[in-house]
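# Survey of secondary and tertiary structure
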Amino acid sequence: MNRRQDDDGPILITQAQVSYDEEFAARKKRYSLIMACRIPCLILAGVFGIAFQWPWVAVAFIVLSVPLPWVAVLIANDRPPKKAEKANRYRKSHRELDSVPDAQIIEAAEVLDQRAEWPRQSQQDGPAHEPPRTGTGG
């Protein structure tokens, strides 16, 4: 598995690379299939040239079979494309905030006005039932 130097998080299975053995087996299979196409081309060239007396078709099959070894080597030596560097992960949409209702802003002056309107406690309740202090020292 390949790990980036700057990322200490766990590796997702979607970021894991194919093992070298699996990649090599796939490349050998591709090469064998392309080279296996050359044999039928040469056989068909012989059949069309000798049996049907169509030399142009035979030449076409031979011309088709000539670059196949070169193509097979190029395709077999080509590595699979690299995966994207950044894995797709769930991220909240920035548009989800639009659906949240507007927040109510409470001004300090409104709180103090409401505190002044509180009903006054009777004198007999004593100091234990005073409204809470704001901590401003006043």
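Everything in this summary refers to the structure shown in the same document. Just so you know, these numbers come straight off a predicted model, no measurement behind them.

## Looking at the pattern of salt bridges
By the definition in use, this model includes two salt bridges. Measuring nitrogen to oxygen at the nearest pair gives 3.3 Å for the salt bridge that ties Glu23 to Arg27. Pair noted here: Glu23 and Arg27 are both in helix H1 (residues 20-51), with a separation of four residues, about one helical turn. Pair check on accessibility: Glu23 and Arg27 agree, each one buried.

## Details of a nonpolar patch on the surface
A contiguous nonpolar patch, built from Ile39, Ile43, Val47, Phe52 and Trp54 and spanning about 510 Å² of accessible area, is present on the exposed surface. Mapped onto the secondary structure, Trp54 falls in the loop between H1 and helix H2 (55-65). A residue is classified by how much of its surface remains accessible, and Trp54, at 46% relative accessible area, is partly exposed.

## Side note on the packing of H1 against helix H3 (residues 68-77)
Between two packed helices, what matters for the description is the angle formed by their axes and the separation of those axes. Look at H1 against H3: their axes get within 8 Å of each other, and the N-to-C directions meet at 170 degrees. Classified by the angle their axes make, H1 and H3 are roughly antiparallel. Note on element contacts: H3 touches H1 through Leu68, Pro69, Ala72, Val73, Ile75, Ala76 and Asn77, opposite Arg27, Arg30, Tyr31, Ile34, Met35, Cys37 and Arg38. For the contact of H1 with H3, the class distribution of residues is ten nonpolar, one polar and three charged.

## Some details on H3
Looking at H3, one finds that the buried residues are Leu68, Ala72 and Ala76. Taken around the axis of H3, the buried residues stretch over an arc of 60 degrees, which confines them to a single face. Facing away from the buried side of H3 by more than 90 degrees, the exposed set consists of Trp70 and Asn77. Residues of H3 that are buried make contact with H1 and H2.

Definitions and cut-offs
Residues numbered from 1 in each chain as written. Predicted model: local features only at pLDDT ≥ 70, side-chain atom pairs only at ≥ 80, totals over all residues. Heavy atoms only, no water. Salt bridge = Lys/Arg side-chain N within 4 Å of Asp/Glu carboxyl O. Helix = DSSP H or I, 4+ residues; strand = E, 2+ residues; numbered from the N terminus. Buried < 20%, exposed > 50% of the residue type's maximum accessible area, 1.4 Å probe, protein only. Patch = residues over 30% accessible without salt bridge, like charges linked within 9 Å, V, L, I, M, F, W, Y side chains within 5 Å. Areas by Shrake-Rupley, 256 points an atom, 1.4 Å probe, with all protein chains shown as cover. Axes fitted to C-alpha atoms, helices over the stretch in contact; angles between N-to-C directions. Parallel < 35°, antiparallel > 145°, perpendicular 65-115°, else oblique. Contact = heavy atoms within 4.5 Å. Nonpolar A, V, L, I, M, F, W, Y, C, P; charged D, E, K, R; others polar. Arc of directions from axis to C-beta.

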